[in-house]
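Fold and contact review
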Amino acid sequence: MHRGKGMKFVGDSRIRSYEKNRIPKDYSEYPGKTEAFWPNFLLKEWMIGAIFLVGYLILTVAHPSPLERQADPTDTGYIPLPDWYFLFMYQLLKYEFASGPFNVVGAIVMPGLAIGALMLVPFMDTTKERRPLKRPLPTAFMLLALCSMIYLTWESVVNHDWDAAKAQGEIVEEADVDTSDPGYEVYMNQSCVTCHGENFEGTPAGAPLVGTGHTAEEVKDIAVNGIAEDGQQLMPADAFQGSDEDLDKLAEFISGITNQK
Amino acid sequence: MLNRIYDWVDERLDITPIWRDIADHEVPEHVNPAHHFSAFIYCFGGLTFFVTVIQILSGMFLTMYYTPDIENAWKSVYYLQNEVAFGEIVRGMHHWGASLVIVMMFLHTLRVFFTGSYKKPRELNWIVGVLIFVVMLGLGFTGYLLPWDMKALFATKVGIEIAASVPFIGEWIKVLLAGDSVILGAQTLTRFFAIHVFFLPAALLALLAAHFIMIRRQGISGPL
């Protein structure tokens, strides 16, 4: 062994000595200014990495990652959406030739062909020519694939109801409620519960009552006179039918409903 | 001091050739953005690796809180997001990194394609690269389920149905992924967790090693 610092091994399982010189080839075959990878080039590359990292962190801080409410397998009305980079496939599966009886075409055959073709590119495009314009077929196919992916993604984005998607996944706040409160009894016996829900979560007919920020006085006023906004009656007047005593209890109770911690 | 430690190790393990293989090589002018600004397109692969490293690190920290169980998965993510110090940042980096890694990898693929760098002798490295792409998409797919929120569950249902529509072996793939031929539940979550955290990263690291060894062996492709 004559390599390195002239090390010696014990036994016969030593690494064989290399016949060829293992020093990597330099790039003298390319004219121009080559540079040592370590440390010169790596120091410059760190700068690009740092700029990239700044953008990355700004994105992270500006847009907290989304979290919808906990999965509920019984809620079959939920319309799912894959992550954005699968949207073009999601859109493809909506077309007639790729859905229903032809589902296997859109789900398996087309993606399979695409991945397979991509993998076999070096064996189909075997000329020595490397410039994109000098090998029009591979370039054209790739541009076609690229355009169709962009188009399909675009189509699926504009055809999706993003507001509905946001609403269907929103985390519903659970109310922190003392069911022994006399106001709770009033709430359940009056008509309130039919529109505002058993858990104060609200229904299409009534707003949620969790953490409304209304004082007891305001709740009293709303229960008797209703709410109007922009000339539209959101809650009818005289929804509450009962004694003033019950109204006091109800108002005190409703104004005290806060989020569960 | 450092030199003496290096010499001490080198005397016993002959590490100089290893070091030379990893770091002691030259970078040609045509891929160096310091010389030609347009050479920034050669940075996409390195940036993909950079994001991959961040994904591995942030993922390691996420598993310190995450619980792969249908009762607690969502709660643990909610806690991580809202209560843990910097939990929002760590989860945010993992979430956005998952998208960025796809973007950078896609750009890298296009760069290699349009510069014709996959041609002889680099065919094998191209194939390994496509396999890395597939593994990355698999990581994205399995990671989507883990927060166990509404979109996770129902999107995965669709994904599993697509996997089940593969001719002949579809049903088998479905049971392998979901753990059951009908239910998408506790078994599915633990399986996706195992695939996301152990199986695919192991495959990814092996493929990346092959990718990098081949690059070092063959060098970067020449100027157009």
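Residues numbered from 1 in each chain as written. Chains lettered and ligands numbered in written order. Predicted model: local features only at pLDDT ≥ 70, side-chain atom pairs only at ≥ 80, totals over all residues. Heavy atoms only, no water.

Short version of the rule: UniProt positions are given in the numbering used here, feature names are shortened, and annotations may be inferred rather than shown by experiment.
The name an unreviewed UniProt entry gives chain B is Menaquinol:cytochrome c reductase cytochrome b subunit, with Edaphobacillus lindanitolerans as the organism. Quoted straight from UniProt, the Function (unreviewed entry) entry for chain B says "Component of the menaquinol:cytochrome c reductase complex."

Under an unreviewed UniProt entry, the name given to chain A is Menaquinol-cytochrome c reductase cytochrome b/c subunit, and the organism recorded is Edaphobacillus lindanitolerans. In the Subcellular location (unreviewed entry) part of its UniProt record, chain A is described as follows: "Membrane".

1. Let's talk about the overall build of chain A
For clarity, the cut-off: The helix and strand labels rest on DSSP assignments: H or I over at least four residues marks a helix, E over at least two residues marks a strand, and numbering proceeds from the N terminus. For every residue, the accessible area (1.4 Å probe, protein chains only) is compared with the maximum for its type, and the residue is labelled buried under 20%, exposed over 50%, or partly exposed between those bounds. Whether two residues touch is decided by their heavy atoms; if any such pair falls within 4.5 Å, the residues are in contact.
If you tally the helices and strands in chain A, you get nine helices and five strands. For chain A, the α and β elements follow one another from N to C terminus as β-α-α-α-α-α-β-α-α-α-β-β-α-β. Each of the 261 residues in chain A was classed as buried or not, and the buried ones make up 29%. Excluding contacts between residues fewer than 6 apart, the proportion of contacts in chain A whose partners are at least 24 apart in sequence is 52%.

2. Digging into the UniProt feature "transmembrane region" (unreviewed entry) in chain A
All names here are of chain A. Mapped onto this structure's residue numbering, the UniProt feature "transmembrane region" (unreviewed entry) falls at residues 102–124 and 136–154. A distance of 29 Å separates the end C-alpha atoms of residues 102–124, which is 96% helix and 0% strand. With 100% helix and 0% strand, the stretch residues 136–154 has end C-alpha atoms that lie 26 Å from each other.

3. A look at the nonpolar core
Going by this rule: Definition used in this section: a nonpolar core is a set of buried Ala, Val, Leu, Ile, Met, Phe, Trp, Tyr and Cys residues joined via side-chain atoms within 4.5 Å.
Counting 50 residues, the largest nonpolar core has A:Phe52, B:Ile132 and B:Trp148 as the members making the most contacts within it. Of all elements in the fold, only helix H1 (37–62) of chain A together with helix H3 (44–62), helix H4 (73–82), helix H5 (87–114), helix H6 (123–145), helix H7 (150–164), helix H8 (170–178) and helix H9 (186–218) of chain B reach the threshold of two or more residues within this core. Listed in part, the 18 residues of the second largest apolar core include A:Phe200, A:Phe240, A:Leu247 and A:Leu250.

4. Quick notes on H1(A)
Going by this rule: What a helix should span is 1.5 Å times the count of its residues minus one. One axis fitted to the seven residues ending at a residue, another fitted to the seven starting there: the angle between these axes is the bend at that residue.
With 26 residues, H1(A) should cover 38 Å at 1.5 Å per step; its first-to-last C-alpha distance of 35 Å lies within 8% of that length. Largest kink in H1(A): about 30°, centred on A:Leu43. Three or more residues of H1(A) are buried, namely A:Phe37, A:Phe41, A:Gly49, A:Phe52, A:Tyr56 and A:Thr60. Looking at the packing, one finds that the buried side of H1(A) touches strand E1 (35–36) of chain A together with helix H2 (16–23), strand E1 (26–27), H3 and H5 of chain B.

5. Re the packing of aromatic side chains
Residues and elements named next belong to chain A. Test applied: Ring geometry is summarised as follows: Phe, Tyr and Trp rings, the Trp one being its six-membered ring, pair when their centres sit within 6.5 Å, and such pairs are stacked at plane angles under 30 degrees, edge-to-face over 60 and tilted between the two.
Applying the stated criterion to the full structure yields 20 aromatic pairs over all chains. Residues Tyr184 and Phe253 carry aromatic rings whose centres are separated by 6.0 Å and whose planes lie at 80° to one another, so their mutual orientation is edge-to-face. You can see Tyr184 sitting in helix H6 (residues 182–189) and its partner Phe253 sitting in helix H9 (residues 244–255), a full 69 residues away along the chain. What makes Tyr184 buried here is its relative accessible area of 18%. Given the relative accessible area of 6%, Phe253 is considered buried.

6. A short note on the UniProt feature "transmembrane region" (unreviewed entry) in chain B
Within the UniProt annotation, "transmembrane region" (unreviewed entry) is assigned to residues 39–66, 96–114, 126–146 and 193–215 of chain B. Taken end to end, residues 39–66 of chain B comprises 68% helix and 0% strand; its first and last C-alpha atoms sit 41 Å apart.

7. Some thoughts on a nonpolar patch on the surface
Residues and elements named next belong to chain B. So the rule is basically this: For patch building, the residue pool is restricted to those with more than 30% relative accessible area and no salt bridge; the joining distance is 9 Å between like charges and 5 Å between nonpolar side chains (Val, Leu, Ile, Met, Phe, Trp, Tyr). Method for areas: the Shrake-Rupley scheme with a 1.4 Å probe, in which residue coverage is limited to the protein chains shown. By salt bridge we mean one thing: a side-chain nitrogen of Lys or Arg within 4 Å of a carboxyl oxygen of Asp or Glu.
On the surface, Phe49, Val53, Ile56, Leu57, Met60, Phe61, Met64, Tyr65, Tyr79, Leu205, Phe212 and Ile215 cluster together to form a nonpolar patch covering roughly 1100 Å² of accessible area. Sorting elements by how many residues they give to the nonpolar patch places H3 first, with six residues. Tracing the backbone shows Met60 in helix H3. What makes Met60 exposed here is its relative accessible area of 51%.

8. Side note on the state of the cysteines
Residue and element names in this part refer to chain A. The cut-off we apply is this: Here, two cysteine sulfur atoms that lie within 2.5 Å of each other are counted as a disulfide.
Applying the stated criterion to the full structure yields zero disulfides over all chains. The thiol of Cys192 is not disulfide-bonded; the next cysteine sulfur, from Cys195, is found 9.0 Å away. Cys192 sits in the buried class, given a relative accessible area of 17%.

9. Some details on the packing of helix H8 (residues 216–225) of chain A against H9(A)
Residues and elements named next belong to chain A. The condition is simple: To get an axis, a line is fitted to the C-alpha atoms, and for a helix only the part in contact is used. The angle between two axes follows their N-to-C directions and goes from 0 to 180 degrees. Reported orientations rely on four angle classes, namely roughly parallel under 35 degrees, roughly antiparallel over 145, roughly perpendicular from 65 to 115, and oblique for the rest. Crossing handedness: left-handed means the near helix sits turned counterclockwise from the far one by under a right angle, and right-handed means the same turn made clockwise. Amino acid classes used here: Ala, Val, Leu, Ile, Met, Phe, Trp, Tyr, Cys and Pro are nonpolar; Asp, Glu, Lys and Arg are charged; the rest, including Gly, are polar.
Direction vectors running N to C along H8 and H9 enclose 120°, while the axes themselves pass 8 Å from each other. Put simply, H8 runs oblique to H9. The hand of the H8/H9 crossing is right-handed. Judged by residue contacts, Ala216, Val219, Lys220, Ala223 and Val224 of H8 engage Leu247, Asp248, Ala251, Glu252, Ile254 and Ser255 from H9. Here the contact of H8 with H9 is composed, by residue class, of seven nonpolar, one polar and three charged.

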